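Examination of the molecular architecture
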Amino acid sequence: MMRNKIFKDETELFFSNPRKDFLVRLIKIIWGIIVFMAGLVLGLSLNTHFSRYFTSQTELFFPRSIYTSSCELDPLNIKYFVKPCQLMHAMTDDELFWRASMVPKKEEYPLEKTPKVAFMFMIKGSLPFLPLWERFFKGHDKFYTIYVHSYPYYELNVSAGSPFYGRHIPIEKVKWGSIWMVDAQKRLMANALLDYSNEHFVLISESSIPVFNFPTVYDYLMKSSYSFVESVDENLPHVTDHYNDRMAPDIMLSQWRKGSQWVELNRSLAVDIVAERKYYSIFKKYCNSACYPDEHYIPTYLSMFHGASIANRSVMWADWSRGGPHPTTYGGKDITKNFIKSIRNNGTICMYNAHPTSVCFLFATKFAPDALEPLLKISSAVMRF
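With that out of the way, let us pick up the environment of lysine 278. Looking at the element boundaries, lysine 278 is found in helix α10 (residues 278-286). Among the residues examined, lysine 278 registers a relative accessible area of 48% and is labelled partly exposed. Here the alpha-carbon distance between lysine 278 and aspartate 250, two residues 28 residues apart in the chain, equals 9.2 Å.

Next comes the structure, spelled out in structure tokens:
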């Protein structure tokens, strides 16, 4: 009892005023600091979360990464929305396709616009005919845009003065004969659709060349009432061999088509291809490597839903006379003036805006790299550029 009394007296002495008041105030201050710090940490965490959310959503419309140091960074400026000043961005394919498929209801364009042709190069590595294409594009900057989709980790080594400088788009893995080829086609179209001045879209390979000069190509495409997509009927054996019965009833054998993957589309059809998901999903599931989806998807889909809008022919010449999975390749020894003239006017008649014409092909494939020098020697005399 005596020990407890002594302890109680000492405790009362220790917590007696003013010591008791000082300790209470100190504890309150410490708790206040703890609560403040906890609130600060929580606030920063929530701010980071919402910042990331709103930034990711804003990126769809005004991606910060499309701007370079030379661009005026003003995401609300309409000119950057209708024409990105650089191609690189952080959007996924789904985000890109969603944004690219937007179609304004208001027909009047808010800015001065010169209609352009988007040349979309889908290449494996280098572009052997780069000097020829640079000569083709020279002096016509206002009428075209270039987009390059290469294999991952490859970038064209060109000077800042080249029309191909900075024209790579964000890319993904590509494998010949797979649905990834269709993905690459769509990816090129979608990036080109971000520029509202692009009205025609042409797919080009690394082994392709122009056989007419730029003004001829531009006028031919701009004045055409149809898009140039080859769509071969299903009755031919090499077409039906690739059909999978499990595609029915959405895609019947009678609707199955084949054509050159090097298509030319107007803006309306390009938007539809980029936005389309149902039939793409069927191809992805049932059209494997033995099917070559890049030669069937666009011809089949457009034949089913936009048959009246396509010319059912390609403007890309290729020699399939020897058979096999690839067209004949022509090298340096094959290049003569008469050979190129025979492509420009090969004696066949095709339809252009419902009228017959002998000018059926604007481009040609497939050429080996050693064909470059002889092509450069005759381009001025034969192709007029």
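Glancing now at the sheet that holds strand β5 (residues 264-266). Within the open sheet, the 4 strands sit side by side as β2-β1-β3-β5. Their pairing is mixed. Edge positions in the open sheet fall to β2 (144-149) and β5, since each of these has one partner strand only. Along the sheet, successive strands turn relative to each other by an average axial angle of 20 degrees, direction set aside. As paired strands, strand β3 (residues 198-205) and β5 are joined by 3 bridges and run antiparallel to one another. Bridge pairing in β5 links valine 202 to glutamate 264. Lying on the sheet, helix α7 (residues 214-222) is in contact with β1 (116-122), β2, β3 and β5; it crosses β1 at an angle near 105 degrees. Helix α9 (residues 267-275) contacts β3 and β5 of the sheet and is inclined by roughly 100 degrees relative to β5.

So, on to helix α12 (residues 337-344). When we look at burial in α12, the residues that qualify are Phe339, Ile340, Ile343 and Arg344. For α12, the angular spread of buried residues about the axis comes to 140 degrees, placing them on one side. Among the structural elements, β4 (209-210), β6 (316-317), β9 (363-364) and α13 (372-383) are those in contact with the buried residues of α12.

Attention now moves to the side chain of serine 379. When you line up the elements, serine 379 lands in helix α13. If sequence neighbours within four positions are ignored, serine 379 has contacts with Leu132, Arg135, Arg384 and Phe385.

Paired through their backbone hydrogen bonds, the strands of a sheet run either parallel or antiparallel. Spatial strand order, β4-β9-β6: 3 strands in an open sheet with mixed pairing. For this open sheet the edge positions go to β4 and β6, each flanked by a neighbour on one side alone. Of the pairings in the sheet, the one linking β6 to β9 comprises 2 bridges and is parallel in character. Each bridged residue has a counterpart across the sheet, and for tryptophan 317 the counterpart in β9 is alanine 364.

Right, let's talk about the environment of aspartate 195 for a bit. Its location among the elements puts aspartate 195 in the loop between α6 (179-193) and β3. Each C-alpha atom of the pair aspartate 195 and lysine 79 lies 9.8 Å from the other, and the pair is 116 residues apart in sequence. Residues in contact with aspartate 195, not counting those within four places in the same chain, are Val82, Lys83, Pro84, Thr145, Tyr147 and Arg267. A distance of 2.6 Å separates the side chain of aspartate 195 from the side chain of serine 197, its partner in a polar contact.

Take the packing of helix α5 (residues 130-137) against α13 next. Two numbers describe how α5 lies on α13: the axes approach to 9 Å, and their chain directions differ by 20 degrees. If you check the angle between α5 and α13, you find them roughly parallel. You can see that α5 and α13 cross each other, and the crossing is right-handed. Counted together, Pro131, Leu132 and Arg135 of α5 and Leu372, Leu375, Leu376, Ser379 and Met383 of α13 form the full contact between these two elements. Within the contact of α5 with α13, the residues separate by chemical class into 6 nonpolar, 1 polar and 1 charged.

Further remarks concern the pairing of β3. In terms of residue burial, β3 counts as a mostly covered element, since 7 of its 8 residues are buried. Bridge count for β1 against β3 is 7 bridges, and the pairing is parallel. In the sheet register, alanine 118 faces β3, and the bridge partner there is phenylalanine 201.

This part takes up the pairing of β2. Along β2, 6 of the 6 residues are buried, which leaves the element largely enclosed by surrounding structure. With 6 bridges connecting them, β1 and β2 associate as parallel partners. Paired with methionine 120 across the strands is tyrosine 147, a residue of β2. Handedness of the crossover joining β1 and β2 through α5 is recorded here as right-handed.

Next up on the list: the nonpolar core. Within the largest apolar cluster, 100 residues are counted, with the highest numbers of intra-cluster contacts made by Phe119, Phe121, Phe137, Phe164, Phe363 and Phe367. It is α6 that provides the largest number of residues to this core, a total of 9 residues.

Another point: the packing of aromatic side chains. Under the counting rule described, the total for this entry stands at 34 aromatic pairs. Plain terms: the ring middles of tryptophan 133 and phenylalanine 137 are 5.9 Å apart, the flat faces sit at 25 degrees to each other, and that makes the pair stacked. Here phenylalanine 137 and tryptophan 133 lie together in helix α5, a separation of 4 residues that amounts to about one turn. Across the pair, phenylalanine 137 and tryptophan 133 agree in class, each one buried.

Parameters at a glance
Residues numbered from 1 in each chain as written. Predicted model: local features only at pLDDT ≥ 70, side-chain atom pairs only at ≥ 80, totals over all residues. Heavy atoms only, no water. Helix = DSSP H or I, 4+ residues; strand = E, 2+ residues; numbered from the N terminus. Buried < 20%, exposed > 50% of the residue type's maximum accessible area, 1.4 Å probe, protein only. Pairing = 2+ DSSP bridges. Axes fitted to C-alpha atoms, helices over the stretch in contact; angles between N-to-C directions. Contact = heavy atoms within 4.5 Å. Arc of directions from axis to C-beta. Polar contact = N/O pair within 3.5 Å; in protein donor to acceptor, adjacent residues only side chain to side chain. Parallel < 35°, antiparallel > 145°, perpendicular 65-115°, else oblique. Left-handed = near helix turned anticlockwise from the far one by under 90°. Nonpolar A, V, L, I, M, F, W, Y, C, P; charged D, E, K, R; others polar. Right-handed = clockwise from strand over helix to strand, strands pointing away. Core = buried A, V, L, I, M, F, W, Y, C linked by side-chain atoms within 4.5 Å. Phe/Tyr/Trp six-rings, centres within 6.5 Å; stacked < 30°, edge-to-face > 60°.

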